[in-house]
Amino acid sequence: MSRKVLRLWSLSFVLVMFWFKWRAMDYRILSSNGTATTPEYSFLVSLHAFSMKHSETPFINSGVSPASKADDGERFNWFVMSDTAAPARLNVYVYEMPAKFTTDLLWLFQNSQEQTVNLTSNGSPVHRLIQQHSVDFWLYSDLMALEDKRLVRSVRRVSNQAQADVFYIPFFTTIPFFLLSRSQSKLLYKEAVNWITAQPAWQRSGGRDHVLPVHHPWSMKSHRRFLKAAIWLLPDLDSSGNWYKEGEVSLEKDVVMPYVANVRACDAPCLAISSSLRKTLLFFRGRIVRNSGGRIRAKLAAVLRDEKGVVIQEGSSGVEGNAATELGMRRSVFCLSPAGDTPSSARLFDAIVSGCIPVVVSDELELPFEGILDYRQAALFVSAAQAVQKGWLVAHLRNKTSHEIATMQQQLAQYARHFQYATPAQPLGPEDLTWRMVAGKLQSVRLHISRSQRLVQGALDTCSCYCTRANLSVPSRL
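These figures come from a predicted structure and were not determined experimentally. (Residues numbered from 1 in each chain as written. Predicted model: local features only at pLDDT ≥ 70, side-chain atom pairs only at ≥ 80, totals over all residues. Heavy atoms only, no water.)

1. What about the environment of Met144?
Item 1. Mapped onto the elements of the fold, Met144 is located in helix 5 (residues 135-144).
Item 2. As a C-alpha pair, Met144 and Arg157 span 13 residues in sequence and 8.1 Å in three-dimensional space. (Helix = DSSP H or I, 4+ residues; strand = E, 2+ residues; numbered from the N terminus.)

Structure representation (structure tokens):
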């Protein structure tokens, strides 16, 4: 090899490494002192660090930014999809609930999380399910951080209730369901409801300006009807009636949030390497037998199993299962994302962070942050009726040109950041977009609060044309 060729090769190598390093900086944000902060995406690592930090530190007013006079009246009025722009902030008051509703539950999880033999009725490891639905921890961890350590600027924790746009209820609703006995969890839920509804702010607004995380569909199921006026943070708006009753959830009121991914994200170097390894056309690994809308999985498996270039595997959560899913997704162009027991499935978010184009087969699905994000740029949506026709789905995917696939993969690489929970929470990450969605509901919330407070005896009920059945995108007519 000549010296000239060697120099050119060396220069190319340096440029490629520089490009990888520059791309990685997309996920490294400068802190207030100018040093780079590398986000931590592991739930267990973040939880341990959070617990150690606060084990001897009072939670009362820690990290709260009292709004100055110049900030009075400042509100979040629009969505700004930019890292550099500084939108007006949503002011959030975080309730100081008794420890049995908050930190005690985190310690309960930590002290028992090695007991992975504890399974649900369908074989899922209990602690893995709690991690998958741990959106309440990620939001609380960010809100409790010192203000100068926080990177998300769409929301600010305030110490004065009069300055609050919304009130956050930091109750970890999923943990009691899985780790306490049925009688213990029901008692705790009842006590939480009594505590929340006794708050003056709740009574003033009827709970409409309160935010409650109930991300697992079984979370607080026996008692959440008493808190249905609040803004719920949900995995979807299941319309079957199995998980949410009519009148409990709606697109107008609630916020759909992504699951915490089961697999590690495929970063820029990973995407570059995996590009040439994506030989599988369509991949799915998970439980094939599910309930409700998830019955589509068995039908899809029957028509796809013998198709060339398609991999359909029965599998479950757990360390080995997640590793197999991660490997399969990184070696595939498209990843099948059918409905689970509810219209949503963690497989969608596993695919997104893996750089595998999701093929969504779930007619009733409502997506996180829709209105901010346009999923059509990075995912394919097909009807269940078409997908179960023999040969239709494979032909549909093979008809996609290499240019169309490359364009969607590029968009997918950018979209992944919106679905990675982290410590510290990242700008345009799921924590940030959640508060932007909440902020978009303020006008409607304030309308209903003001209307309910001025109604006189004998006036019409506060129900309006916006009362909807679960999972309806368009308000029903009364």
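2. Here we look at the sheet that holds strand 8 (residues 255-256)
Item 1. As summarised here, the arrangement of the 6 strands in space is 4-3-5-6-7-8, forming an open sheet in which the pairing is parallel. Strands with a single pairing partner mark the edges of an open sheet, and in this sheet they are strand 4 (155-157) and strand 8.
Item 2. Here strand 3 (residues 90-94) pairs with strand 4 via 3 bridges, running parallel. What sits directly across from Asn91, in strand 4, is Arg156. (Pairing = 2+ DSSP bridges.)

3. Some points on empty space enclosed by the protein
Item 1. In this structure the tally under the stated criterion is 3 cavities of 30 Å³ or more.
Item 2. In this model, the second largest cavity occupies a volume close to 50 Å³.
Item 3. If you trace the second largest cavity, you find it lined by Phe43, Leu106, Phe109, Ile130, His133, Ser134, Asp136, Phe137, Thr174 and Ile175.
Item 4. Secondary-structure elements contributing two or more residues to the lining of the second largest cavity are helix 3 (103-112), helix 5 and helix 6 (174-179).
Item 5. Its residues assigned to classes, the lining of the second largest cavity comprises 6 nonpolar, 3 polar and 1 charged. (1 Å grid on protein atoms, 1.4 Å probe; cavity = no way out; pocket = protein on both sides within 12 Å on 5 of 7 lines; lining within 4 Å. Points joined across faces, edges and corners; volume = space filled by probe spheres on them. Nonpolar A, V, L, I, M, F, W, Y, C, P; charged D, E, K, R; others polar.)

4. A look at the sheet that holds strand 10 (residues 310-314)
Item 1. Strand order in the open sheet formed by 5 strands is 10-9-11-12-13, with parallel pairing between adjacent strands. Of all strands in the sheet, those bounded by a partner on one side alone are strand 10 and strand 13 (380-381).
Item 2. Bridge analysis of strand 11 (residues 332-338) against strand 12 (residues 357-361) gives 5 bridges, and the strand direction is parallel. Counterpart to Pro338 in the pairing with strand 12 is Val361.
Item 3. Packed onto the sheet, helix 10 (residues 296-304) meets strand 9 (280-286), strand 10, strand 11 and strand 12 and runs at close to 145° relative to strand 11. (Contact = heavy atoms within 4.5 Å. Axes fitted to C-alpha atoms, helices over the stretch in contact; angles between N-to-C directions.)

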